[in-house]
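Residue strings, one per chain:
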Amino acid sequence: MATGSPAPGNDPALASAPPPSDPHTPAPPPVDVPGAGERLLEALLSEVHTAAPMDLPGLVDRCATMIGVQNVVIYLVDLQQRYLIPLTHGLPTIELDTSTPGWAYRTIDLQVEENPGGGLLAWLPLVDGAERLGILGIRTAVLDATRLRRCRMLASVLAMAITSKRAYSDSIARQSRTEPMDLPAEMLRSLLPPRTIGNDHAVSTAVLEPAYHIGGDAFDHSLTQSTLHAAIFDAMGHNLASGLTTTVAVAGCRNARRAGAELPELVATIDQALGQWLPDQYCTGIITQLDLAQGVFRWCNCGHPQPLLIRGRRVLDAALERPAQPPMGLPAQFATAPRAAHEVMLEPGDRVLLYTDGVTEARIEGGDRFGLRRFTDSIIRGAAAGEPAAEALRRIIHSILDHQKDQLRDDATLLLIEWRPPRP
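So, here's what we can say about the structure. (Residues numbered from 1 in each chain as written. Predicted model: local features only at pLDDT ≥ 70, side-chain atom pairs only at ≥ 80, totals over all residues. Heavy atoms only, no water.)

The next thing to look at is the overall build of the protein chain. Across its full length, the protein chain carries twelve helices and 17 strands. Burial statistics for the protein chain: of 424 residues in total, 53% are counted as buried. Counting only contacts in the protein chain whose residues sit at least 6 apart along the sequence, the fraction spanning at least 24 positions is 69%. Total accessible area on the protein chain is roughly 18,800 Å²; 54% of this is exposed by carbon and sulfur atoms. (Helix = DSSP H or I, 4+ residues; strand = E, 2+ residues; numbered from the N terminus. Buried < 20%, exposed > 50% of the residue type's maximum accessible area, 1.4 Å probe, protein only. Contact = heavy atoms within 4.5 Å. Areas by Shrake-Rupley, 256 points an atom, 1.4 Å probe, with all protein chains shown as cover.)

Below you can see the structure in the form of C-alpha cells.
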C-alpha cells in the first residue's frame, strides 16, 4: 500500500538492509509508554550534536530500536537529483525517477509499501526548511500513529544535523557526487546557498548545470523577516577567471545586502568591486527583492535575459521586460545613467523565473536550439501538473540535459521565485 499518489517501482534496497547491529539487544519498552517520546528526543538531541557525519548511520540504527521499528537508513540525494545514495555502505543506490522512495522525494510526501520479506517499508522525506535533502527509509512490522510520529521526529532532527554537518564534512560531499568535480566548479559550489529556501510566504529554488564543470554561473538567495532576496549571475567565459568574477559578484551582493543597501546601490557595489579587482572581466545578472507581505517585486537587470512571469498556467508575454542596462563591471564604459530598479505587484501564486542564456541556447538532437518556446512549454507543463517549485525546476533542467545527452556547451542556471502568502 502507499499513501498519496501511486508510484512506480519496488526497491529492494531497504528490504535487504541489515538488522540493528546487535540482534541480542533487549526489546524496547512499548512505544506508547508515557514520556517515552520525550526521552527519545532528549537522547537523540544529546547524541546528534557530537556525532561525526560518518556516525549518523549507527546513530539512526540505535534509534530504530527506541522507536520500535526494525531498521532505519539515511539516503541523500546526489548533486544532480537523479539518485538517492545510502549513507550505510553496502546498500544499492536508488533511481529517483522510477522508484517509490523517489516518489516520496519528488512529492515531499510519506510513501508506505509492503516489504517483499514481510512487514512494511516506509519512505519519509528528509527536509530542512524548504530544502529536500533525501529520504529516510524505515523497515517495520507495523506503522501505527505513535511510531510514525517518532519517525517524523527523527527525520526532522536528522535533516538539521545533516545540513549543519555537511558544511564541514568531505564525507557527505563525496557521498553526494557521482563523478569528479573540476576546480572552477568546486570553488563556486562552496559559495552557493542551499538549492531551496522559503517560509509560509515565499520560496526561492535554483538548479545549476553542468553540476561538475560549471564555469561562471551562480545564484544566491536569502530571507529576512520582511523580504526574500534572490539573484542570478553569469560571468564572461568558462574558466577559473569566470568563477573568480562570479565569486566577487556574489560576495559584493551579499556585503551590500547585509549592510541594508537598496538595489541600485547594491549593484553599484558589485560594479566597483569588479572594476577594482577584475577590471577586464564582467558579469551579467539580475538582483531581486520580494516584499513578503505585499508581493511587491523589485529587480535590477544588468545585461541579462529578461525574467519571466508565470501566472496560473501561462507565461505572461513581456510582463517583466524593461530597458536593458549594462553588465556589472562595465559601468564606466557603457553606462549613460545610474542603475535603475523596476517594480511590479505580484498576485498570490505568481512565479518569477530567472535563467541564464545557457538554458535557451542549449542544442537539442539535430542541432536546433532548445529555445525560449520549448523552455516556456516545459514551465507551463510543470505549472499544470501542480508540481512544487523545486520539483518543477528539477524536471526542466533534466529535460534540457536529456536533449543534449548531458553535454551542455554552456552553464545553464534556473532560479524560480514563488509568492504564496497565507490566505486571510
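Core analysis: the largest hydrophobic core is formed by 52 residues, its most contacted members being Phe 233, Ile 270, Ile 287 and Phe 297. Considering every element that reaches this core, the biggest residue donor is strand E10 (residues 227–235), with six residues. Counting residues in each nonpolar core, the second largest holds 34 residues, with Leu 44, Leu 148, Leu 158 and Ala 161 among its members. (Core = buried A, V, L, I, M, F, W, Y, C linked by side-chain atoms within 4.5 Å.)

In this structure the tally under the stated criterion is 17 salt bridges. One salt bridge in this structure joins Arg 394 and Asp 97, with 2.7 Å as the shortest N-O distance. Residue Arg 394 is located in helix H12 (residues 389–403), and its partner Asp 97 is located in the loop between strand E3 (94–95) and helix H3 (100–107); the two are separated by 297 residues in the primary sequence. A relative accessible area of 35% places Asp 97 in the partly exposed class. Between Arg 395 and Glu 391 there is a salt bridge, and its shortest N-O distance comes to 3.5 Å. Here Arg 395 and its partner Glu 391 are both found in helix H12, four residues apart, which amounts to about one turn of the helix. Overall, Arg 395 belongs to the partly exposed group, its relative accessible area being 38%. (Salt bridge = Lys/Arg side-chain N within 4 Å of Asp/Glu carboxyl O.)

Between its terminal C-alpha atoms helix H2 (residues 56–67) stretches 16 Å, which fits the 16 Å expected from twelve residues at 1.5 Å a residue. Among the residues of H2, Leu 56, Pro 57, Leu 59, Val 60, Asp 61, Cys 63, Ala 64 and Ile 67 are the ones counted as buried. Positioned one or two residues after H2, Gly 68 has a phi angle of 100°, which is positive. (Expected span 1.5 Å × (residues − 1).)

Looking now at the sheet that holds strand E8 (residues 202–209). Pairing in this open sheet of six strands is antiparallel, and the strands run E7-E8-E17-E16-E13-E14 from one edge to the other. The two strands at the open ends of the sheet, each matched to only one other strand, are strand E7 (196–198) and strand E14 (314–316). Adjacent strand axes in the sheet meet at a mean angle of 20°, parallel and antiparallel pairs treated alike. Here strand E13 (residues 308–311) runs beside strand E16 (residues 351–355); their pairing, made up of three bridges, is antiparallel. By the bridge assignment for E16, Leu 309 is matched with Val 352. (Pairing = 2+ DSSP bridges. Axes fitted to C-alpha atoms, helices over the stretch in contact; angles between N-to-C directions.)

Moving on to the pairing of strand E2 (residues 83–86). Here three bridges tie strand E1 (residues 71–77) to E2, and the two strands are oriented antiparallel to one another. Note that in E2 the partner of Leu 76 across the bridge is Ile 85. Counted between consecutive antiparallel strands, the loop separating E1 from E2 contains five residues, among which Gln 81 sits at a positive phi close to 60°. Summarising the sheet, E2 and E3 pair through two bridges and their orientation is antiparallel. Along E3, the bridge assignment pairs Leu 84 with Ile 94.

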